[in-house]
Amino acid sequence: MLSRVADSIYWLNRYVERAENVARFVEVNLTLLLDTTTTTNYWQALITTTGDSALFRESYGEATSENVLQFLTFDQNYPSSIVSCLKRARENAHAVRANISSEMWEQLNELYHTVQRAASQPMTLEERYQFYPAIRMGSHLFAGIMEATMSHNEGWHFGQLGRLLERADKTARILDVKYFILLPSLQDVGSPLDNLQWIALLKSASAYEMYRKRQHRITPENVAAFLILDTQFPRSICFSLLEAQKSLHCIAGTPVGSWSCSSERSLGRLCSALDYMTMDEIFDQGLHEFLDDLQSKLNRVGQDIYEDFIAVPLAV
């Protein structure tokens, strides 16, 4: 497979997954604002967790709900906004039309135009509560169509790799939202407000129902363990990385448990570390510190994938 084709399929899936997860971030805030009367500035904290506070302040200044929603959803100049992600996903899909199914192209087109139509006119509050779930469902549909209509060859594995690495990163960021936005004062720990916030967090990852089938009580330790270390839930960090590792081994042609390139080594080390980690160790380190370090390691994996499979070697 040509490296440019692999790169386009990889980023096509990363961008669709990223758009879905931005929609999830916004849904967390909208749900919390609906259910609580707290004066916490959820919108400012949400911008903080994106890591793009300076860019936001330069363009918008104050973190009001309208400014943050515009920035994260419709801002053409912000690379991680929903509209920017879907635009780039569509550009990558167009470049590899011969390598993906027509159904994938049609679904991505429909999702892109849904966002473009929404950007052309102001939305009511009710329309917002319908819009962001529609983005999530559109992304799910795209992934399902890819699963059902694209040959599970190298290209498919590059797509899986992009989607799963993006998912692991964004699940980590969703947990960090709790750290920045929802970290309660000592007297609020275990209160109804604290529980509401953890429930909203689980719902933002489509994890609430599966979590409740496993656990009877909502506790920070159990929620974090479910979203980080669970090996059966599809949006957990551990599950996503283990599945990504399988696709990477299929691409490289090496069996699980061995490695032949830097990306296999870095991803394998990360999976092994999670496999032997406990929540006590994570909380001793600090949840935020652990998640921040994890995101740095995921960035390293992404860079290694680029250097191993995409970058053109320099002539000697």
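Residues numbered from 1 in each chain as written. Predicted model: local features only at pLDDT ≥ 70, side-chain atom pairs only at ≥ 80, totals over all residues. Heavy atoms only, no water.

Quick look at a negative patch on the surface
A cluster of like negative charges, contributed by Glu221, Asp280, Glu281 and Asp284, occupies part of the molecular surface. The biggest single contributor to the negative patch is helix α14 (residues 279-285), with three residues. Examined against the element boundaries, aspartate 280 turns out to sit in helix α14. Its relative accessible area of 60% is what places aspartate 280 among the exposed residues. (Patch = residues over 30% accessible without salt bridge, like charges linked within 9 Å, V, L, I, M, F, W, Y side chains within 5 Å. Areas by Shrake-Rupley, 256 points an atom, 1.4 Å probe, with all protein chains shown as cover. Salt bridge = Lys/Arg side-chain N within 4 Å of Asp/Glu carboxyl O. Lys, Arg positive; Asp, Glu negative; His and termini not counted. Charge placed at Lys NZ, Arg CZ, Asp CG, Glu CD. Helix = DSSP H or I, 4+ residues; strand = E, 2+ residues; numbered from the N terminus. Buried < 20%, exposed > 50% of the residue type's maximum accessible area, 1.4 Å probe, protein only.)

Considering a nonpolar patch on the surface
Residues Leu34, Leu125 and Tyr129 make up a contiguous nonpolar surface patch of roughly 300 Å² in combined accessible area. As for its position among the elements, leucine 34 is in helix α1 (residues 3-35).

Focus: the environment of asparagine 13
By the secondary structure assignment, asparagine 13 is in helix α1. As for asparagine 13 and leucine 227, which are separated by 214 residues in sequence, their C-alpha atoms are 21 Å apart. Other than its neighbours up to four places away in sequence, asparagine 13 contacts Phe142, Met146, Gly159 and Arg163. (Contact = heavy atoms within 4.5 Å.)

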